[in-house]
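Summary of structural features
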Amino acid sequence: MNDNEETRSRPCEHTGVANPARRSFFRWLTYLLGAAATVILAVPLLGYFVSYRRQRPPWIKLGPVADFPLNATRLVTFDNPLKQPWDGMVAHTGVYVRYQGTNDRQQDQFLVLAVNCTHLGCPVEWFEGSGLFMCPCHGGVYYENGQHASGPPPRGLYHYVWRVRDGQLEVQAPHFPTLHDTLEDRA
Amino acid sequence: MFAWLQAAARWLDHRIGFSSDIVPVLKHPVPRQLEGPMGWWYVFGSASLTLFLVQILTGILLSLVYVPSADQAYETLLYMNYEQPLGWYIRALHYYAGSGMMVMVLVHMTQVFLHGAYKYPRELTWVVGVFLLLCTLGMFFTGQILRWDPDAYWGLAVGGSMAGRVPGAGPEIVSMMLGGPIIGADTLSRFFALHVFVIPGILILLLALHLWLVVKQGVSEPPVPGQQVDPKTYDDHYEGELRRGVPFWGDALLRDAFFSAVAVIAVALLAAYMGPKGPTDPPDPTLQGANPRPEWPFLWLFALLSLSPPAAETFIILVLPIILVAGLLLVPFISNRGERAPSRRPVAVLTVIVIYTTLGVLTYEGVTSPWSPHMTAWSGDPVPVAMVKESTPLQLQGAVVFQNKNCRNCHALDGVGGRRGPDLSTVGTRLTRDQLIDQVSNGTPGGGNMPAYGKQINPAEMAALVDFLVSLRPAGRPPAYNPAEPPQPRTTGADSDGEAPVNP
């Protein structure tokens, strides 16, 4: 679009008027259409980029309560149902489960801890002998109840949302937990 | 035949304008000193570019076999390593040329900084260069993700946890980064798009701008001590340099080509000798014994995050990178005039020394990572025989308790074991019996370095353990004692505590 002084002030051949109303109308119409085209393109493109399929996290059966010995922490693995069908072995998720007996109201008590260190997400390893979870990355250590014991983590291990249904321990499918988005936050 | 070829070349040239427009640029004058020994300082930028071209070529070849799907990436990498003819070599070359490019970019940047070539009128060239550095780092990080082994998976966990620390928008940023609620196929696909399309696209555009600026502003003349840059007079001064200059298409280009060829041959040989990098284990997050590490350009950051005080950590993770990048970008604006020669710029030289020393020390710490417990030390590293040769049964039991309570994961004996805590080979000379009981029961109070083991160890185990620890001292040395309660002198031999006789 030639917008220099010459074409602006040169009178139009047909009407003899400089800068006829139709030409400026057309220019503004083009700006408007351009803006509309940009928005019409930007909204779905950006929307696609920032969105993902949201689903209510389903409950996962981890096994009958009877299978978990009292006061023993063990690693249970399951396939995270929040996965894509082509996730392969990446969707294998581990969780530390400790059966703590029943409370006053005869309800089974479980301690279900995520493997992700609360410092920066590396997987913690359980040591039966010392009753400690140790993280290989930056040296975070937690006690058997998940409480922070030593090292850089800012808090204790993340707790899963769990329930006992028909004698089975079930946990809510976990998203990737972070400090501002724990598993209990999205319960 | 030859005449026909010449006619065809003329036909093309008339339409493309090669000899009228492009050849003059190739022959543009550069300062005469580039023909002399100083010219060798100028080769690093083009070496970076050459290695980048190698990366593009090898990357395209890799994309012919690699499948960026979470359930197949690992298998296709194994296929490339063991089945695809020369697949192992292309993978190796892609890694080592990439590392070479990273090194060349850093050398180039350091050389430009030390020679003050970022000063007027080349400030923008420097700024674009900083973004090119960030793109190169981005390519290195995203490339490691594509290797899709436990290092990649847990590297994403660490990156996601860092992003998750952003107050307010943290969870959204994490979801965008992972492409969903968990690390999975969507994450790999995002990083594939980043590594193959987005970052290379940005890098190539920035590179075009960078090269345009280099040609437009001209290659800087070598710095001369005392010859200061003054924006008011520099243009004329540089024009004078160019009038005495030599065509780029000559010795200057020859040096660039020489060094680039050496660089290519070096990485090609290195790749053939070292073989492909990984993948290590399959990307199964439930595999025990994971010990993830980032790639070498990020080991300094890994060490920094391990050594940061927890209270400052979110600041260091989120704000420090911005400060560092801003610092780099602001270099030409701190001073775009004055001395260029490093001999007259002690602050610049000192800055380079301090930065590289810091990075070097942090990288070394990242390699040795003493803060990580040795997860298999308690079962894999036996107690040194010399230490238990003359032990009483209780002390031997204590040695067993020491191993079974995983103490060895953090504490070495005779240099073997974890290095998170001190080596305990001589702890009997440092801590008294009561102090040992206290230390083991309560650890370092306030969430310091040692956890409290009081609930994990019964009195019999504690007695045995402390007996063993008290016996850990050099031959002939008495055990530590409280000055307020000196040990009683004994006339007979060692008592059941194993304490050597003390002369009154």
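Residues numbered from 1 in each chain as written. Chains lettered and ligands numbered in written order. Predicted model: local features only at pLDDT ≥ 70, side-chain atom pairs only at ≥ 80, totals over all residues.

What about the overall build of chain A?
Put simply, the rule is: Helix numbers and strand numbers start at the N terminus; a helix is a DSSP run of H or I with at least 4 residues, a strand a run of E with at least 2. With C-beta atoms placed from the backbone, a residue is buried if 20 or more other C-beta atoms are within 10 Å of its own, exposed if 12 or fewer are, and partly exposed between those counts. Note on contacts: residues are paired as contacts if their backbone-placed C-beta atoms lie within 7 Å.
Of the regular secondary structure elements, chain A holds two helices and ten strands. In chain A, the succession of α and β elements from N to C terminus is α-α-β-β-β-β-β-β-β-β-β-β. When the 187 residues of chain A are sorted by exposure, 39% land in the buried category. For chain A, long-range pairs separated by at least 24 residues make up 43% of all intrachain contacts whose partners lie at least 6 apart in sequence.

Looking at the overall build of chain B
Applied cut-off: Taken over C-alpha atoms, the radius of gyration is set against a globule rule of 2.2 Å times the number of residues to the power 0.38.
Tallying secondary structure elements over chain B gives 20 helices and two strands in all. Relative to the globule expectation of 23 Å for 504 residues, the C-alpha radius of gyration of chain B, 31 Å, shows a markedly less compact shape. On the principal axes, the C-alpha backbone points of chain B span a range of 110 × 60 × 50 Å. Looking at chain B as a whole, 37% of its 504 residues qualify as buried. Taking contacts inside chain B between residues at least 6 apart in sequence as the whole, the part at least 24 apart equals 76%.

As for the sheet that holds strand β5 (residues 125-127) of chain A
Residue and element names in this part refer to chain A. To keep it simple, the criterion reads: In this description, strands pair whenever DSSP reports at least two bridges between them. The angle between two axes is taken between their N-to-C directions and runs from 0 to 180 degrees, where each axis is a line fitted to C-alpha atoms and a helix contributes only its stretch in contact.
One open sheet holds the four strands; their spatial order is β5-β6-β7-β8, and the pairing between them is antiparallel. The open sheet terminates on both sides in strands that have one partner only, identified here as β5 and β8 (148-150). For this sheet, the mean inter-axis angle between neighbouring strands, taken without regard to orientation, is 35°. Sheet topology places strand β7 (residues 141-143) next to β8; two bridges connect them, and they run antiparallel. Residue pairing for β8: Y142 is matched across the bridge by H148.

Some words on the domain arrangement of chain B
Applied cut-off: By convention here, the domain bounds are inherited from an automatic or database domain assignment.
In terms of domain boundaries, chain B breaks down into domain 1 (26-368) and domain 2 (377-470). The centre of domain 1 of chain B, based on its C-alpha atoms, is set 46 Å off from the matching centre of domain 2 of chain B.

Looking at unusual backbone geometry
Leave glycine aside and you will find that most residues have negative phi; peptide bonds, for their part, are mostly trans. Residues and elements named next belong to chain B. Across the junction of Y120 and P121, the peptide omega takes the value -5°, indicating a cis bond. Examined against the element boundaries, P121 turns out to sit in the loop between α5 (87-114) and α6 (123-146). Here the residue pair G278 and P279 is connected by a cis peptide bond, since its omega of 0° sits within 30 degrees of zero. Along the polypeptide, P279 turns up in the loop between α11 (251-274) and α12 (299-307).

As for the interface of chain A and chain B
The partner chain B presents 57 residues to the 45 residues of chain A that form the contact. Among the elements of the structure, β3 (92-102), β5, β6 (132-134), β7 and β8 of chain A are those that each provide at least two residues to the side of chain A that touches chain B.

A few points about the pairing of strand β4 (residues 108-114) of chain A
Residues and elements named next belong to chain A. In the sheet, β3 pairs with β4 via six bridges, with the strands oriented antiparallel. Along β4, the bridge assignment pairs V97 with V112. Hairpin geometry of β3 and β4 is characterised by an intervening segment of five residues between the two adjacent antiparallel strands and by a positive phi of about 60° at Q106.

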